[in-house]
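Notes for the structure review
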Amino acid sequence: MLEKLIQLHQIKKVFPNTNIPAVDEITFSIEKGNICVFVGPSGCGKTTILRMINRLVEPTSGNIFIDGENVLNVDSDELRRRIGYVIQQIGLLPHRTIEQNVGLVPRLLKWPEAKITQRVVELLEIVGLDPAESAKKYPYQLSGGQMQRVGVARALAADPPIMLMDEPFGAVDPIVRGRLQDEFLRLQQEVKKTICFVTHDINEAIKMGDYIVVMNGGKLVQQGTPMEVLSNPVNHFVKDLIGDDRGVKLLDLTRAESLMTAVTESPAAANDCFCFIDAIQPVKMALEVMMKNDSDMVGIRRGKNVVGTLSWADIKKHIHKISGDQE
Amino acid sequence: MEVISSVLKFIVNNSSRIMEYTGNHLSLVLTVLVFSLILWIWVGLLISKYDRFANSVIGLANILFVIPSISLFGLFVTIPQLGLGRKSAALALIIYAMMPLVRSVYRGVKSVDPWVIDAGKGMGLSPAQILYQIQIPMAWPVVFAGIRVAVVMITGMATVATFIGERNLGRLIHHGITRGSAEMIIAGAVVVSVIALMLDYIMGLLEKKVTSPGLRHRSEDY
């Protein structure tokens, strides 16, 4: 049983001078080390939920617990220093260097300067920026993609267990976005943060999410793994959101690990594999590798360990399951 | 050419008097500047925090600003505690400095990208830290534009204080007018302009020193 790190209990938010709640009595929890994606059209309340977790918005009623502790009992500034925060607009301080931007929260937490310097270098490398080249630059000297990397590095600086990300890759072009998504998923394999991720893009939600919460008009419409949502949309709204190409989405956006047969279930199968892909690579990669190697099965690796297998039959079964009710 | 040489000759022949006037002029301007900066930057910050007072305070500054200077100087002289001289002159000039200073501080703080503030807040900066680490440093370019306008304006307006007893460069110009002496008028005006340009230049240096290079490129864009 995985630990539930963030719990929302009947959270409701009615903004002043409005009658309709922006978020209407929503209850759910996020497991430790998971990426939970809130997806829905603009105005559905997804950003409001995110901003209530670090108390940038205070709920009208209901409670939010982090690690069992009610966030309303914690000083809001202290709470926020323990939670990484990344937004689409990035919000780098334009008058501070990249180094100072990344070191912002450690400095608030009064880390010794030597430790901050070391951490900044480490983080810039992690997000794929050359510290020697970029540390002394100012934000205006970077490209949009680089700025967003700095935004992620800044949020990770004090090693917070939780990250809130509001359309973090929304402002960059599709190619850079894809790259940032891939890099972030790879990074997440190492850092294992608990992440709340907001997007209006269902493709991004399926790709990034371990768990998806579909919202509309302040209400929770459906929650589940990307597989569950793709294969079993509860109503027309979710169906429309996903689109007609669910089978292809599955191939393109679902990570291999979500369809695999775990090695613990059939240890023998893993020994037969002679070609492998990474657990976070999309299922279509598995097909590609199978075709290239003329094999019916690929092994799924996480780091150096083989954690499962994915066969052509597995994939077909899932596509049938997903597309089945459309015929 | 003849005019220039006669103005120069006038300045050389009256150097001690001009030096005295210049000293008085400069000390009045600097006194006003110090008090104005302390007072109006503070007021500007207050109204950017308590937004509901902003319109009325800036409105008041605008109204005070359009009062003809000679009448405001004169009015203060009639108040017994102020009377003729430095107190009335300084007070009137401080009031004129209100408009450019309060408005630029308010506009500077308000012009800060709200997403930068949101990010700061989201990372756990307290309201005071947001003010000192984000809003004020980011407001400097706009604030300095206001300060430089105020400095040049005060330097010019200070000449009028000659009518209420200040022995400054305004006196040179005034006497030049009554005696029909172009040399005197020009000499006075030139020295006043030099002071204004010099103070503006110093403020420019100061601006460069306090404004982050990360912001400087923006003002160059305009």
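All of these numbers come straight from a predicted model, not from anything done at the bench.

Rules and cut-offs
Residues numbered from 1 in each chain as written. Chains lettered and ligands numbered in written order. Predicted model: local features only at pLDDT ≥ 70, side-chain atom pairs only at ≥ 80, totals over all residues. Heavy atoms only, no water. Helix = DSSP H or I, 4+ residues; strand = E, 2+ residues; numbered from the N terminus. Rg over C-alpha atoms; globule rule 2.2 N^0.38 Å. Buried < 20%, exposed > 50% of the residue type's maximum accessible area, 1.4 Å probe, protein only. Contact = heavy atoms within 4.5 Å. Areas by Shrake-Rupley, 256 points an atom, 1.4 Å probe, with all protein chains shown as cover. Lys, Arg positive; Asp, Glu negative; His and termini not counted. Charge placed at Lys NZ, Arg CZ, Asp CG, Glu CD. Pairing = 2+ DSSP bridges. Axes fitted to C-alpha atoms, helices over the stretch in contact; angles between N-to-C directions. Core = buried A, V, L, I, M, F, W, Y, C linked by side-chain atoms within 4.5 Å. Domains from an automatic or database assignment. Parallel < 35°, antiparallel > 145°, perpendicular 65-115°, else oblique. Nonpolar A, V, L, I, M, F, W, Y, C, P; charged D, E, K, R; others polar. Polar contact = N/O pair within 3.5 Å; in protein donor to acceptor, adjacent residues only side chain to side chain. Buried area = accessible area lost by both parts, 1.4 Å probe. Salt bridge = Lys/Arg side-chain N within 4 Å of Asp/Glu carboxyl O. Phe/Tyr/Trp six-rings, centres within 6.5 Å; stacked < 30°, edge-to-face > 60°. Lys NZ or Arg CZ within 6 Å of the ring centre and 35° of its normal.

**A look at the overall build of chain A**
On a plain count of helices and strands, chain A comes out with 16 helices and 14 strands. Relative to its length of 327 residues, chain A is compact, with a C-alpha radius of gyration of 21 Å against a globular reference of 20 Å. With the C-alpha coordinates aligned to their principal axes, the bounding extent of chain A is approximately 55 × 55 × 35 Å. Across the 327 residues of chain A, 55% fall into the buried class. Counting contacts in chain A only where the partners sit at least 6 residues apart, residues at least 24 apart contribute 64% of the total. Surface accessibility of chain A: about 14700 Å² in total, with carbon and sulfur atoms responsible for 50%. The distance from the centre of the 38 positive side-chain charges to the centre of the 41 negative ones in chain A is 4 Å.

**Section: unusual backbone geometry**
Residue and element names in this part refer to chain A. At Glu25, a position not held by glycine, the phi torsion is positive, near 50°. Its location among the elements puts Glu25 in strand S2 (residues 23-31). Taking relative accessible area as the criterion, Glu25 reaches 42% and is therefore assigned partly exposed. At Asp294, a residue that is not glycine, the phi angle is positive and equals roughly 50°. Within the secondary structure layout, Asp294 lies in the loop between helix H15 (283-293) and strand S13 (297-302). For Asp294, a relative accessible area of 72% gives the class exposed.

**Overview of the sheet that holds strand S8 (residues 194-199) of chain A**
Each strand in a sheet pairs with another by means of backbone hydrogen bonds, the pair being arranged parallel or else antiparallel. Residues and elements named next belong to chain A. Strand order in this open sheet of 6 strands is S6-S7-S8-S3-S9-S10, and the pairing throughout is mixed. Each of the sheet's edge strands pairs with one partner strand only, and the pair in question is strand S6 (83-87) and strand S10 (219-224). For this sheet, the mean angle separating the axes of adjacent strands, direction not counted, is 15°. Here 5 bridges tie strand S9 (residues 211-216) to S10, and the two strands are oriented antiparallel to one another. What sits directly across from Val213, in S10, is Gln223. Helix H1 (residues 46-53) contacts strand S3 (35-39), S6, strand S7 (162-166), S8 and S9 of the sheet and is inclined by roughly 150° relative to S8.

**Brief notes about the nonpolar core**
Membership of the largest hydrophobic core comes to 80 residues, with the highest contact counts inside it found for Val102(A), Val152(A), Phe184(A), Val298(A), Ile300(A) and Leu310(A). Mapping this core onto the domain boundaries places at least three of its residues in each of domain 1 (4-245) and domain 2 (252-326) of chain A. Residues in contact with Val152(A), not counting those within four places in the same chain, are Val86(A), Val127(A), Met165(A), Phe169(A), Phe184(A) and Leu187(A). Counting 56 residues, the second-largest nonpolar core is a separate cluster that includes Tyr21(B), Leu93(B), Val151(B) and Leu172(B).

**Here's the deal with the pairing of S9(A)**
Residue and element names in this part refer to chain A. As judged from the 4 bridges shared by S3 and S9, these two strands associate in the parallel manner. Each bridged residue has a counterpart across the sheet, and for Val37 the counterpart in S9 is Ile212. Adjacent in sequence and paired antiparallel, S9 and S10 are bridged by 2 residues, among which Gly217 carries a positive phi angle near 55°.

**As for the packing of helix H1 (residues 2-13) of chain B against helix H9 (residues 182-210) of chain B**
Residues and elements named next belong to chain B. Where H1 meets H9, the axes come as close as 9 Å, and the angle between the chain directions of the two elements is 75°. In terms of orientation, H1 lies roughly perpendicular with respect to H9. Residues Val3, Ser6, Val7, Phe10 and Ile11 of H1 pack against Glu183, Met184, Ile186 and Ala187 of H9. Split by residue class, the contact of H1 with H9 holds 7 nonpolar, 1 polar and 1 charged.

**Here's the deal with the side chain of Ser134(A)**
Residues and elements named next belong to chain A. Position of Ser134 relative to the elements: it lies in helix H6 (residues 131-134). Separated by 2.7 Å, the side chain of Ser134 and the backbone oxygen of Asp130 make a polar contact. Excluding residues that lie within four positions of it along the chain, Ser134 makes contacts with Ile98, Leu124 and Leu129.

**Structural notes on the domain arrangement of chain A**
For an interface, size is often stated in terms of accessible area lost upon the parts coming together. Residues and elements named next belong to chain A. The assigned domain composition of chain A is domain 1 (4-245) and domain 2 (252-326). The C-alpha centroid of domain 2 is placed 29 Å from the C-alpha centroid of domain 1. Taken together, the contacts link 14 residues of domain 1 with 12 residues of domain 2. If you sort the residues of domain 1 by the area they bury against domain 2, Gln189, Met227 and Ser231 come out on top, with a joint share of 42%. Linking domain 1 with domain 2 are 1 salt bridge. Notably, a salt bridge pairs Asp210 with Arg255, separated by 3.4 Å at the nearest N-O pair. On inspection of domain 1 and its partner domain 2, the count reaches 4 residue pairs in polar contact (both at pLDDT 80 or more).

**Some remarks on the interface of chain B and chain A**
Counting from both sides, the interface comprises 22 residues of chain B and, opposite them, 23 residues of chain A. Regarding the contact of chain B and chain A, the summed buried area is about 2000 Å², with carbon and sulfur atoms giving 64% of it. In this structure, the connection of chain B to chain A is made through 1 salt bridge. With a closest N to O distance of 2.8 Å, Arg51(A) and Asp118(B) form a salt bridge. Where chain B packs against chain A, one counts 7 residue pairs in polar contact (both at pLDDT 80 or more).

**Overview of the packing of aromatic side chains**
Taken as a whole and judged by the stated rule, the model has 5 aromatic pairs over all chains. With centroids separated by 5.6 Å and ring planes inclined at 50°, the aromatic side chains of Trp140(B) and Phe144(B) adopt a geometry described as tilted. Remark: Phe144(B) and Trp140(B) occur in helix H7 (residues 127-157); sequence separation between them is 4 residues, near one turn of the helix. Exposure remark for Trp140(B): the relative accessible area of 24% places this residue in the partly exposed category. Judged by relative accessible area, Phe144(B) falls into the buried class, the value being 4%. A connected cluster of aromatic rings, assembled from ring pairs, spans Phe169(A), Phe184(A) and Phe197(A). Taking the ring centre of Trp111(A) as reference, the NZ or CZ of Lys115(A) above it sits at 4.1 Å. Just above the ring of Tyr50(B) sits the side chain of Lys49(B); from NZ or CZ to the centre is 5.7 Å.

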